[in-house]
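Structure assessment
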Amino acid sequence: MTPGDAREMHPHRWGDPAAAAALPDAARALVELAFGAAETPAVEEFALPEPTLAEEVVAELRAVVGDEHVLADDDIRRRRTRGKSTPDLLKARAGDFADAPDVVVRPATHDQVQAVLDLAVARRVAVVPFGGGTAVTGGLVALRDGFTGVISLDLGRMKGVRDIDPVSMTATLEPGLRGPEAEALLGEHGLTLGHFPQSFEYASIGGFAATRSSGQSSAGYGRFDAMVVALTAATPSGRLDLGTAPATAAGPDLRQLLLGSEGTLGVITSVTVRVRALPATTAYDGWRWPTFGEGATAMRTLAQSGLLPTVLRLSDETETALNLARPESIGGAGDGGCLMVAGYEGTRAAVDARRAAVSAALEDLGGVPLGEEPGTAWVRGRFHAPYLRDSMLDVGVLVETLETATFWSSLERVYAAVREALTGSLGDQAIVLCHISHVYETGASLYFTVAVKQGEDPLAQWRAAKTAATDAMVDAGATITHHHAVGTDHRPWLAREVGPVGVQILRAVKASLDPAGVLNPGVLIP
Ligand SMILES: Cc1cc2nc3c(=O)[nH]c(=O)nc-3n(C[C@H](O)[C@H](O)[C@H](O)COP(=O)(O)OP(=O)(O)OC[C@H]3O[C@@H](n4cnc5c(N)ncnc54)[C@H](O)[C@@H]3O)c2cc1C
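Here's what I pulled together on the structure shown here.

Reading the values: the criteria
- Residues numbered from 1 in each chain as written.
- Predicted model: local features only at pLDDT ≥ 70, side-chain atom pairs only at ≥ 80, totals over all residues.
- Heavy atoms only, no water.
- Disulfide = S-S within 2.5 Å.
- 1 Å grid on protein atoms, 1.4 Å probe; cavity = no way out; pocket = protein on both sides within 12 Å on 5 of 7 lines; lining within 4 Å.
- Points joined across faces, edges and corners; volume = space filled by probe spheres on them.
- Nonpolar A, V, L, I, M, F, W, Y, C, P; charged D, E, K, R; others polar.
- Pairing = 2+ DSSP bridges.
- Helix = DSSP H or I, 4+ residues; strand = E, 2+ residues; numbered from the N terminus.
- Axes fitted to C-alpha atoms, helices over the stretch in contact; angles between N-to-C directions.
- Contact = heavy atoms within 4.5 Å.
- Near = heavy atom within 4 Å.
- Polar contact = N/O pair within 3.5 Å; in protein donor to acceptor, adjacent residues only side chain to side chain.
- Areas by Shrake-Rupley, 256 points an atom, 1.4 Å probe, with all protein chains shown as cover.
- Salt bridge = Lys/Arg side-chain N within 4 Å of Asp/Glu carboxyl O.
- Buried < 20%, exposed > 50% of the residue type's maximum accessible area, 1.4 Å probe, protein only.

With that out of the way, let us pick up the state of the cysteines. Using the criterion set out here, one finds zero disulfides in the structure. Unpaired in terms of disulfides, C338 finds its nearest cysteine sulfur in C434, a separation of 10.0 Å.

Printed below as a string of structure tokens:
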């Protein structure tokens, strides 16, 4: 990827704005009905802070990666400022690029990454590894205090497939491959990773590993961290190669230290993942449940009887009703209740058998089959929601998502507590939607979408709501994040989740791998 590449995201919008459809008239009418009309803010170019990195350090970086791969123009610095959470977008829309890196450095090899880290330690420069730039919890914001400058270490040139092992069904991928690029290269070998988060079109292999991402097909393919069998990282203390067998009893699993480390312990330079055969066929069905609780019970039953489809999602009453405002998108689920989508991928025989078994179980549990249309409508639109968020921000509606996970026995309580915290903070006018899209034998994740009319200070408005919701999660014993990671936003709550000894361990590992603290300062580690 090079600056100006079609895959470059807009500095304060999702993806390629040319690919975004305008807010449909029906949706705009709905928004105005609920929140009132607002003016679309003008899009402008904004000034950046002066870089602080010394010219001689820039020259040393150029010597490592080549002149053309150290970029310091305003456009690339803007595009490497923060990630794509709603607060990130709001700050950029308001012209706040205070977190811009001084330079963007684009290494091509593990050794170049290592050399940049060594230089960063010697010159006391903070380094922010950058994959796809889709972070939503402040993982791309480095604290500058005590550093001579900030480098955005853009891994976008590391886009190779290093190895495919068709016997073991593994592939070794470089970190800068974005979702579609990895799938296209694996597809040439008849393989798939099966990892399709909503950010799939832009997020990278290294980012998936560094944040312990979870895709929409996690019921069938598993979370990203469960797919990783080996990895290599460059750390200020040296090279780390982990993973020599499919399973081992050789002490604690050190791969897990790098998975979810969000660029604070090392830069992941290759990832070996378990792959599967490209599915010969896919099928998606819609189901209606009278209540969210009954749908959730059905999900639990499937998960606990080993009968999961590849995709399994359940929208609550509000999310279902809001989709019903666009009847073309979910077909015949017009009688209220809650919409479930069950998707199947694999060989024709496997899909037929699993679909028949799951469908029989769901009917037994009281689900009403809605046919294929709601499922295929979901597949068609599944990567469009981030564009819709931009359209909503344009008309003055604050839209953001947050997520958690908990055990089945606490699910209803956590669901109620988070909803209550959000509406308590944002007011009754706030619309809170929720779905379950990642299920396990023992529990599930809850993914909330919130929409409310923007107040005078939307950043403070969201900060208060997010604080209330995260407190509610922790108080209810749920995790602060199921797949969005910690970043800077969740960091204040991490100690409550892992306890004082957990914090001590994280700090000790950080001190061992990155004693000078140059990697992503201020992110993750309490
Ligand atoms: C609209 C939208 C939808 C999303 N949907 C999902 C979803 O369905 N599931 C999900 O799990 N997440 C989702 N996310 C969150 C985000 O896409 C994930 O966290 C993703 O895994 C980040 O990948 P990235 O390549 O964009 O990483 P980046 O945003 O570039 O980086 C994320 C963090 O990882 C670090 N990092 C990146 N690459 C490396 C590397 N090679 N080595 C070490 N550290 C590195 C960065 O420094 C940063 O701290 C969504 C985000 C958005 C904006």
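Another aspect to go through is empty space enclosed by the protein. Considering all chains together, one arrives at three cavities of 30 Å³ or more under this definition. Empty space within the largest cavity amounts to approximately 120 Å³. Along the wall of the largest cavity there are 17 residues; nearest its centre are M9, R79, R80, K84 and F130. Within the lining of the largest cavity, the residues separate by chemical class into four nonpolar, five polar and eight charged.

Within the open sheet, the seven strands sit side by side as β15-β12-β14-β13-β17-β18-β16. Their pairing is antiparallel. Every interior strand has two partners, whereas the edge strands, β15 (368-371) and β16 (397-407), have only one. Between one strand axis and the next, the sheet turns by 25° as a mean value, whatever way the strands run. Here strand β17 (residues 431-436) pairs with strand β18 (residues 443-453) via five bridges, running antiparallel. Across the sheet, the residue bridging to L433 is T449, located in β18. Helix α11 (residues 292-304) contacts β12 (281-289), β13 (311-315), β14 (338-346), β17 and β18 of the sheet and is inclined by roughly 160° relative to β13. Along the sheet, helix α15 (residues 373-381) makes contact with β12, β13, β14 and β15, crossing β12 at roughly 115°.

Lining the immediate surroundings of the ligand are 35 residues, of which P129, G131, T134, S199 and S204 lie closest. T134 is positioned such that a nitrogen or oxygen atom in its side chain is 2.6 Å from an oxygen atom of the ligand. Side-chain polar atom of S213 to an oxygen atom of the ligand: 2.8 Å apart, as the coordinates give it. Compared with its free state, where it exposes 970 Å², the ligand has 97% of that area covered by protein. Listing elements by their share of the shell around the ligand, those giving two or more residues are β3 (126-130), α7 (205-211) and β10 (267-274).

Now for the pattern of salt bridges. This structure, assessed with the given rule, holds 26 salt bridges. Across the salt bridge formed by E372 and R355, the nearest N and O atoms sit 2.8 Å from each other. Within this pair, whereas E372 is found in the loop between β15 and α15, its partner R355 is found in helix α14 (residues 348-364), the two being separated by 17 residues in sequence. Taking relative accessible area as the criterion, E372 reaches 43% and is therefore assigned partly exposed. Linking R380 and E373 is a salt bridge whose minimum nitrogen-to-oxygen distance equals 3.4 Å. When its relative accessible area of 53% is taken as the criterion, R380 is described as exposed. Classification of E373 by relative accessible area gives partly exposed; the value is 34%.

The subject of this paragraph is the sheet that holds strand β6 (residues 170-173). Strand order in the open sheet formed by five strands is β5-β6-β10-β8-β9, and the pairing between neighbours is antiparallel. The open sheet has two edge strands with one neighbour each: β5 (161-165) and β9 (238-242). Shown here is a sheet whose adjacent strand axes are inclined to one another by a mean of 10°, direction ignored.

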